[in-house]
Amino acid sequence: MSNFIIRKVAVLGAGVMGAQIAAHCANAGVPVVLFDLPAKEGKPNAIVDKALAGLKKLDPAPLAAKDKLAAIGAANYGSDLEQLRECDLIIEAIAEKMEWKLDLYAKVAPFMRADAIFASNTSGLSINSLAEGMPAALRGRFCGIHFFNPPRYMPLVELIATRDTDPTMLDQLESWLTTRLGKGIVRAKDTPNFVANRVGVFSILAVMHHTARLGLGFDEVDALTGPRIGRPKSATYRTADVVGLDTLAHVIGTMQSTLADDPWHAYYQQPAWLQALIAKGALGQKTRAGIFRKEGKKIMVLDVARQDYRVSAGEVAPDVAEILKIRNPAEKFAQLRASSHPQAQFLWAIFRDIFHYCATHLGAIADNARDVDLAMRWGFGWTQGPFETWQAAGWSDIAAAVKADIEAGVAMAKVPLPAWVFERDGVHGATGSWSAAASELKARPTLPVYGRQLYPEQVLGEAAPDQGVTLWENEGVRLWARPDQDARIGIVSFKSKMHAIGNEVLDGVIEAVARAEKDLDGVVLWHEAPFAVGANLQQVGEACKAGQFDMLESTVAKFQRASMTLKHAQVPVVAAVQGMALGGGCEFVMHSAHRVMALESYVGLVEAGVGLIPAGGGCKEFALQAHALAQKTAGGDVFPYIQNNFQTIAMATVAKSAMEAVQLGFAQPSDDILFNPHELLYVAIRRARAMFEAGYRPPVINRAVTVAGRNGIATCELMLVNMAEGGFISPYDYKVAKAAATALCGGEVETNARVSEEWILDVERALFVDLLKTEKTQQRIAHMLETGKPLRN
């Protein structure tokens, strides 16, 4: 098969979704042309220009780095359609009106190459009906490509084929989306709202129905339907506000107009309160008012009975909260069903009806149950899909309970559960997931791109992937290998909670590298996200309380030794990073020979938040970077390069992407950035092998590092004085930041003095321990442990 290359993308429609899809393609290094209507006055591309300017203001940021905006060109349908001939992939993302889309297709079709792919980002219109608006010769290259909002962060893309879509092209597009844009692909059938929106919107409608039936408040329901049941913090009604109440109404309208024969059709309608909000222009987050709104610092929620807003204060009843804490899903569901409390009845009802709905519609909307579960995880942020939840709670018992409620007339629909439900003991097994349409278990897709995912996201009941061979382990670290990938590249995985770096991890890292130097060709630091949340604060806090400062100093020295062990190992050490790499975790990343980073890596030296400075070599690494950059300039002055690093440490700046991590100096331009985090280990193993084969040698310890010294410290202090006078930092923030400046500048030495790496480590360590002995740092550590939030004291 020839290589499949997307050199340039066009996105038609510069609305919220179109602009963000363009931004994510630009993140991936693919040039984009963003089209919209020509402006009625002023510059022809004013509509697109406004959308591009808006990308810089959105939160969360659609751009992984600000400079990525330069990869997006502005165009309009009036004068620029010739540019489509340069594009390999054209994504239509205009408003969800069939006639508007068909009109646009007729306009752009003459300018598309025969080998280009044309795809619609429709969230639920019929793909086959849209295809009829294309010339027959182009229909084989047309499909649905439904991104979820926000496109950078939500993994799901639904791919929908038409009757004429070329299967090979669809496989190639799936592979490209998976590895280049980092997406999780679900092949959806051409049914209204496809998979995730069909199930997700029904789930919202079920919640709305039972909210009204049981007389619960919207805030009360959101307290129930968030993380306590494995859903996002935005729960149900806050999610509706974020999505946009008009958007939700449109999707409900699609179901109402296209699913007349659906047993749940009576519920496909907007409640009166939702219609009233939309009529008033209260559309949710985008209009700063919807189901919820902010008044000063107060969060207000709509009270339907009062037809007005009140303070949001919904809570889960203590009895129900205790039920939700039960770890055994079967026992939890049994107690919810047995409870007479309205909140428990509500929870059982919404789960019962979603189970009933998904079982009834599985054959029509999805190829198999795994696709439904992954769609809900990737598109709606559920921790488990509906079929997984059902299976975990005891398939047969739940099926019997749902059947009983249907027969008693208390379920939302009277249609019986499909016969296959009672013929099985679950839908997910070691060999695949149940397909109601094919009446068989379907294995995962076998496209070559999935061979790069050594540990793909799994659904409950799937066969566990190869766990590799353990070479050595202690309480904190496992050294292991995957012989099927490379028997002589060791993998070091932390075993601690959140991969915090305590004594057992430090001992494990030092020992694992020693063993690798003797028996292996390279090492990869890898485990599931987060990479590492920093030093084990619990251990530090307890030692402070006990006054064990000598022990703490020896622990910091060991941390420094572990960092230097990684950096100066005789075999290449590759850090495979995803999620948070904070504090000491960031220092391990900085000291590795190479980094393979997921785009969504959040990296930073955050010690200032607990009244400390980086002391695992972070200050030393920034000093080394400044020295190396200064050597390339005529004057050789290091301070200009220290200044930005000082602000980064003093303000505890965290990179919001791997690209920002490079810009901030936590990673290097030569490092690898992957968009699909499930490919990290595959690539990191091969990177370590390539480095070994290329004759890797570790850097020599530098004993002549030019540092900024006293003048550098004084200049940093001037910055701090201004910040203190402006009220941006407290007096204790000043003290901590001055300590960071002292370490970065090599201590109280002459400006441009030359010192060794060990000297800077000694300065770091001494300042760190001095701060540990202060009451305010101890208060900050205790507060962080108790609340998870920094204390400003």
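Residues numbered from 1 in each chain as written. Predicted model: local features only at pLDDT ≥ 70, side-chain atom pairs only at ≥ 80, totals over all residues. Heavy atoms only, no water.

With that settled, the discussion passes to the sheet that holds strand β4 (residues 89-92). Spatial strand order, β3-β2-β1-β4-β5-β6-β7-β8: eight strands in an open sheet with mixed pairing. Of all strands in the sheet, those bounded by a partner on one side alone are β3 (72-76) and β8 (184-188). In this sheet, adjacent strand axes meet at a mean angle of 25° when their direction is disregarded. Of the strand pairs in this sheet, strand β1 (residues 9-12) and β4 are connected by four bridges, and their pairing is parallel. Each residue of the ladder has a partner; that of Val 9, found in β4, is Leu 89. Against the sheet, helix α1 (residues 16-27) touches β1, β2 (32-36), β3, β4 and β6 (142-147), its axis set at about 170° to β2. Most of the contacts of helix α14 (residues 369-380) go to β8, to which it runs at about 130°, and overall it touches β7 (156-161) and β8. (Pairing = 2+ DSSP bridges. Helix = DSSP H or I, 4+ residues; strand = E, 2+ residues; numbered from the N terminus. Axes fitted to C-alpha atoms, helices over the stretch in contact; angles between N-to-C directions. Contact = heavy atoms within 4.5 Å.)

Another aspect to go through is the pattern of salt bridges. Counting across every chain of the model gives 47 salt bridges. One salt bridge in this structure joins Arg 352 and Asp 405, with 2.9 Å as the shortest N-O distance. A residue pair is termed long-range when its members are at least 10 positions apart, and Arg 352 in helix α13 (residues 342-365) and Asp 405 in helix α16 (residues 395-407) qualify at 53 residues. Each member of the pair, Arg 352 as well as Asp 405, is classed as buried. In this structure, the salt-bridge partner of Arg 377 is Glu 388, at a minimum N-O distance of 2.4 Å. (Salt bridge = Lys/Arg side-chain N within 4 Å of Asp/Glu carboxyl O. Buried < 20%, exposed > 50% of the residue type's maximum accessible area, 1.4 Å probe, protein only.)

A few words now on the state of the cysteines. In this structure the tally under the stated criterion is zero disulfides. You can see Cys 143 has no disulfide; the closest cysteine sulfur is in Cys 25, sitting 13 Å from it. With no disulfide of its own, Cys 619 has Cys 745 as its nearest cysteine by sulfur position, at a separation of 9.8 Å. By relative accessible area, which is 0% here, Cys 619 ends up buried. (Disulfide = S-S within 2.5 Å.)

Our focus in this paragraph is the packing of helix α21 (residues 549-567) against helix α29 (residues 757-772). Describing two packed helices takes the angle between their axes plus the distance from one axis to the other. Orientation of α21 relative to α29, taken along the N-to-C sense of each, is 145°, at an axis distance of 10 Å. The hand of the α21/α29 crossing is right-handed. Along its contact with α21, which presents Phe 549, Leu 552, Glu 553, Val 556, Ala 557, Gln 560, Met 564 and Lys 567, the element α29 presents Glu 757, Leu 761, Glu 764, Arg 765, Phe 768, Val 769 and Leu 772. In the contact of α21 with α29, the residues fall into nine nonpolar, one polar and five charged. (Left-handed = near helix turned anticlockwise from the far one by under 90°. Nonpolar A, V, L, I, M, F, W, Y, C, P; charged D, E, K, R; others polar.)

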